[in-house]
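Survey of secondary and tertiary structure
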Amino acid sequence: MIDRIWSGRSPLWLLLWPLSLLYGAISCLIRLSYQRGWRKSWRAPCPVIVVGNLTAGGNGKTPVVIWLVQALQQRGLRVGVVSRGYGGKAERYPLLVTADTPTSQAGDEPVLIAQRTQVPVAVAPKRRMAVEGLLAAQDLDVIITDDGLQHYALQRDREIVVVDGVRRFGNGWWLPAGPMRERASRLQSVNAIVVNGGEAQAGEIAMTLRPGKAVNLVSGETANLEQLPEMVAMAGIGHPPRFFNTLKQQGVKPVAEIAFADHHAYSEEELQRLTQTHQCLLMTEKDAVKCRSFARDNWWYLPVDADLSGASLDALLDDLSQLPHTARDGRSR
């Protein structure tokens, strides 16, 4: 239903339109308050790159963060990642995250990023606290913030926005009548636009998600999708149909496709009921980090990697890799 409302296919968005105007007014006022200096923002002692969204829901932001971490590492930079840690609750903050940190404390995406990249990751409700925690523990050249485009209390050196190339901006309205956190005109002030799927427009960087081999949650064994037995597919991400479409593109037809809410907290009993003895359960890697402590032998996940291409990609990486040198030169003057 929410997809129909946000796409404009359902007239129910008109009922939510007054709330959208209120949301938009508050959003614009917050941004203006930082631009005019009415509210104070904080600049970190090292460059900060924001990877964020203009819309609610899954756009493929986390794979872009992982890709960017690896790309900057290949250029010799020491990279850290900060996040708000949505879905997790720790006893104290900032929380330094490793691949073994429970998702109940850190949230699923920070644990996934730590697991895939092995770089320092920190979470805190206020991103400044997370940045300070990282820099107290590590010498870093640059920090990437996973989400936080609208978190103007933290100054940033570059902004990258990830757009769903199929859904784009729906009906174009602010939440809750539409999917927008900020209007599409905000793209005019960002440094790069990465478009996940669909068709990239002029000046945008095209992105596709490339699936790897399925990985068993218990043994770590890998297998091609066609080698798996009859499967039930599940996804608890911002836009579950993307995962199911990926399987179809690989020629896989699950006997059932089960969608959960983004950041859903799974239980062993809940997932055990989804399959029969002769079936396997296939999930996203983001789901897998929440299920590893009680995983069963017939549970598998499918990792995906972001492939980015476009005429402006090399120029973007050149620019980002020079940020630490630019920052040091600025301080020396």
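Residues numbered from 1 in each chain as written. Predicted model: local features only at pLDDT ≥ 70, side-chain atom pairs only at ≥ 80, totals over all residues. Heavy atoms only, no water.

The protein has the name Tetraacyldisaccharide 4'-kinase in an unreviewed UniProt entry, where Pantoea rodasii is given as its organism. You can read under Pathway (unreviewed entry) in the UniProt record for the protein the words "Glycolipid biosynthesis; lipid IV(A) biosynthesis; lipid IV(A) from (3R)-3-hydroxytetradecanoyl-[acyl-carrier-protein] and UDP-N-acetyl-alpha-D-glucosamine: step 6/6." Reading the Sequence similarities (unreviewed entry) entry of the UniProt record for the protein gives the comment "Belongs to the LpxK family." (UniProt positions renumbered as here; feature names shortened; annotations may be inferred.)

Of regular secondary structure, the protein possesses 10 helices and 15 strands. In summary, the protein has a C-alpha radius of gyration of 20 Å against a globular reference of 20 Å for 333 residues, a match within 12%. Across its three principal axes, the protein shows a C-alpha extent of roughly 65 × 50 × 45 Å. Taken over 333 residues, the protein has a buried fraction of 52%. For the protein, the accessible surface area stands at approximately 15900 Å², while carbon and sulfur atoms represent 51% of it. Side-chain charges of the protein comprise 37 positive and 33 negative groups, with the mean position of each set lying 8 Å from the other. (Helix = DSSP H or I, 4+ residues; strand = E, 2+ residues; numbered from the N terminus. Rg over C-alpha atoms; globule rule 2.2 N^0.38 Å. Buried < 20%, exposed > 50% of the residue type's maximum accessible area, 1.4 Å probe, protein only. Areas by Shrake-Rupley, 256 points an atom, 1.4 Å probe, with all protein chains shown as cover. Lys, Arg positive; Asp, Glu negative; His and termini not counted. Charge placed at Lys NZ, Arg CZ, Asp CG, Glu CD.)

As a working rule, side chains carrying opposite charge can pair if their charged atoms are close by. Enumeration over the complete set of coordinates arrives at 22 salt bridges. Asp305 is paired through a salt bridge with Arg210; the nearest N and O atoms lie 4.0 Å apart. Separated by 95 residues along the polypeptide, Asp305 in strand β15 (residues 304–309) and Arg210 in strand β8 (residues 205–211) bring together distant segments of the chain. For Asp305, a relative accessible area of 25% translates into the label partly exposed. Within this structure, Arg116, Arg210, Glu285, Asp305 and Asp307 form a network of salt bridges that share partners. (Salt bridge = Lys/Arg side-chain N within 4 Å of Asp/Glu carboxyl O.)

So, on to the domain arrangement of the protein. Domain assignment breaks the protein into domain 1 (1–77 + 141–208 + 309–322) and domain 2 (213–302). For domain 1 versus domain 2, the separation of C-alpha centres amounts to 28 Å. (Domains from an automatic or database assignment.)

Looking at where Asp287 falls in the secondary structure, it is placed in helix α9 (residues 285–291). Buried charge Asp287 goes without a salt bridge, the closest partner of opposite sign being Lys290 at 4.2 Å. Looking at Asp287, its side chain comes within polar contact range of the main-chain nitrogen of Gly236, at 3.1 Å. (Polar contact = N/O pair within 3.5 Å; in protein donor to acceptor, adjacent residues only side chain to side chain.)

Within this structure, the stated rule accounts for 6 aromatic pairs. Seen in terms of ring centroids, Trp13 and Trp173 are 6.5 Å apart; in terms of plane orientation they differ by 25°. Their pairing is stacked. Here Trp13 is found in helix α2 (residues 13–35), whereas its partner Trp173 is found in the loop between β6 (158–164) and β7 (192–196), with 160 residues between them in sequence. You can call Trp13 buried: its relative accessible area is 19%. (Phe/Tyr/Trp six-rings, centres within 6.5 Å; stacked < 30°, edge-to-face > 60°.)

Another point: the nonpolar core. Ranked by size, the top nonpolar core spans 40 residues in total, and within it Ile49, Leu68, Leu72, Ile144 and Ile160 carry the most contacts. In terms of residues, this core owes the most to one element, helix α3 (residues 61–74), which gives 8 residues. Setting aside its immediate chain neighbours within four residues, Ile49 contacts Leu68, Leu72, Val142, Ile143, Ile144, Thr145, Arg158, Ile160, Leu320 and Leu323. (Core = buried A, V, L, I, M, F, W, Y, C linked by side-chain atoms within 4.5 Å. Contact = heavy atoms within 4.5 Å.)

Turning next to unusual backbone geometry. A cis amide bond links Tyr93 with the next residue in sequence, Pro94, at an omega value of 0°. Note on placement: Pro94 falls in the loop between β2 (79–83) and β3 (95–97). Here the amide bond leading from Leu175 into Pro176 is cis, since omega sits at 0°, within 30 degrees of zero. Phi at Asp147 takes a positive value of approximately 75°, unusual for a residue other than glycine. Relative to the elements of secondary structure, Asp147 occurs in the loop between β5 (142–146) and β6. A positive phi is found at Arg168, a non-glycine position, where the angle reads about 50°. Here Arg168 shows up in the loop between β6 and β7. By relative accessible area, which is 18% here, Arg168 ends up buried.

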